[in-house]
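The chain contents come next:
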Amino acid sequence: MSASTRKRDTIGFAVFLALCLAVSAIGGAATASSVGTWYQTLAKPSFNPPNWIFAPVWTALYFMMAIAGWRVWRREGLRAARWPLTLFALQLALNLCWSILFFGLRSIGGALVEIFVLLLAIVATTVVFWKRDRVAGMLFIPYVGWVGFAAVLNAALWRLN
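Residues numbered from 1 in each chain as written. Predicted model: local features only at pLDDT ≥ 70, side-chain atom pairs only at ≥ 80, totals over all residues. Heavy atoms only, no water.

What about the side chain of glutamate 114?
Part 1 of the argument: Mapped onto the elements of the fold, glutamate 114 is located in helix α5 (residues 108-132).
Part 2 of the argument: Buried glutamate 114, no salt bridge; nearest opposite-charge side chain is arginine 106, N-O distance 17 Å.
Part 3 of the argument: Apart from the residues lying within four places of it in its own chain, the contact partners of glutamate 114 are Leu94, Cys97, Trp98 and Leu101. (Helix = DSSP H or I, 4+ residues; strand = E, 2+ residues; numbered from the N terminus. Buried < 20%, exposed > 50% of the residue type's maximum accessible area, 1.4 Å probe, protein only. Lys, Arg positive; Asp, Glu negative; His and termini not counted. Salt bridge = Lys/Arg side-chain N within 4 Å of Asp/Glu carboxyl O. Contact = heavy atoms within 4.5 Å.)

Structure representation (structure tokens):
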């Protein structure tokens, strides 16, 4: 691998990682506005995880998303990977919207509707990534599982509150 290719790959990965971490930071800011106050007052189902678990899980998921997006971009380039990377950007935007709806606006029902759209976008991204790079697709599988669980949790919170 040439030095210029290595540099391009490193910069590309840094861009994907920065994008995912920016979404994480903005979503985290929306979450911080309510997690210690409003969220604590909600009736929760018995399967609600402890608050401390969310940060490490989301950090790992955002890192895996960045690697997956980077792998697809690296394999196909921006033009050839336009559709998969558009889905990638869409699911990131929807991911951020959920945090704003649920924690920022405290709209449990609105977030419930949105999380199902988010889950569809994540599954579509997973399938399209899988077809282009199996590792990229596999990196999205834990994300599908976690957001599927989050959808069930969101539904339970909506029902209880």
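Examining a nonpolar patch on the surface
Part 1 of the argument: Together, Trp130, Val135, Met138 and Ile141 make up a nonpolar patch on the protein surface, roughly 340 Å² of accessible area in all.
Part 2 of the argument: Here the nonpolar patch takes 3 residues from helix α6 (residues 134-160), the largest share from any one element.
Part 3 of the argument: A residue is classified by how much of its surface remains accessible, and valine 135, at 35% relative accessible area, is partly exposed. (Patch = residues over 30% accessible without salt bridge, like charges linked within 9 Å, V, L, I, M, F, W, Y side chains within 5 Å. Areas by Shrake-Rupley, 256 points an atom, 1.4 Å probe, with all protein chains shown as cover.)

Section: the packing of aromatic side chains
Part 1 of the argument: A full pass over the atoms with the stated rule returns 19 aromatic pairs.
Part 2 of the argument: On the numbers, 6.3 Å between centres and 55 degrees between planes, the contact of phenylalanine 88 with phenylalanine 140 is tilted. Residue phenylalanine 88 is located in helix α4 (residues 82-104), and its partner phenylalanine 140 is located in helix α6; the two are separated by 52 residues in the primary sequence.
Part 3 of the argument: Assessed through its relative accessible area of 0%, phenylalanine 140 is described here as buried.
Part 4 of the argument: On the numbers, 4.8 Å between centres and 70 degrees between planes, the contact of phenylalanine 102 with phenylalanine 103 is edge-to-face.
Part 5 of the argument: For phenylalanine 102, a relative accessible area of 1% corresponds to the buried category.
Part 6 of the argument: A relative accessible area of 8% places phenylalanine 103 in the buried class.
Part 7 of the argument: Positioned above the aromatic ring of tyrosine 39, the side-chain terminus of lysine 44 is 4.6 Å from the ring centre. (Phe/Tyr/Trp six-rings, centres within 6.5 Å; stacked < 30°, edge-to-face > 60°. Lys NZ or Arg CZ within 6 Å of the ring centre and 35° of its normal.)

Some details on helix α1 (residues 3-32)
Part 1 of the argument: With 30 residues, α1 ought to run about 44 Å at 1.5 Å a step, and its terminal C-alpha atoms sit 42 Å apart, in line with that.
Part 2 of the argument: Of the surrounding elements, those touching the buried residues of α1 are α3 (54-80) and α4. (Expected span 1.5 Å × (residues − 1).)

Examining the environment of leucine 153
Part 1 of the argument: Looking at the secondary structure, you find leucine 153 in helix α6.
Part 2 of the argument: As for leucine 153 and proline 45, which are separated by 108 residues in sequence, their C-alpha atoms are 7.6 Å apart.
Part 3 of the argument: Every residue in contact with leucine 153, bar those within four places of it in the chain, is listed here: Pro45, Phe47, Asn48, Pro49 and Phe54.

Focus on the state of the cysteines
Two cysteines form a disulfide when their sulfur atoms are joined by a covalent bond.
Part 1 of the argument: Per the stated rule, a full pass over the model turns up 0 disulfides.
Part 2 of the argument: There is no disulfide at cysteine 20, and the cysteine sulfur nearest it, in cysteine 97, is 15 Å away. (Disulfide = S-S within 2.5 Å.)

Focus: α3
Part 1 of the argument: The largest bend in α3 is about 75 degrees, located at arginine 74.
Part 2 of the argument: The complete set of buried residues in α3 reads Leu61, Tyr62, Met65, Ala66, Ala68, Gly69, Trp70, Val72, Trp73 and Gly77. (Bend = angle between axes of the 7 residues up to and from the residue.)

Observations concerning the nonpolar core
Part 1 of the argument: Residues Met65, Phe88, Phe102, Ile115, Phe129, Phe140 and Tyr143 are the most contacted members of the largest nonpolar core, which totals 42 residues.
Part 2 of the argument: Where this core is concerned, the elements lending two or more residues are α1, α2 (38-41), α3, α4, α5 and α6.
Part 3 of the argument: It is α6 that contributes the most residues to this core, 10 residues altogether. (Core = buried A, V, L, I, M, F, W, Y, C linked by side-chain atoms within 4.5 Å.)

Observations concerning the pattern of salt bridges
In a structure, side chains of opposite charge can pair up when their charged atoms sit close to one another.
Part 1 of the argument: A complete count under the given rule lists 5 salt bridges for this structure.
Part 2 of the argument: Residue aspartate 9 is joined to arginine 8 by a salt bridge in which the shortest nitrogen-to-oxygen separation is 3.5 Å.
Part 3 of the argument: By relative accessible area, aspartate 9 is classed as buried at 6%.
Part 4 of the argument: The exposure class assigned to arginine 8 is partly exposed, which follows from its relative accessible area of 38%.

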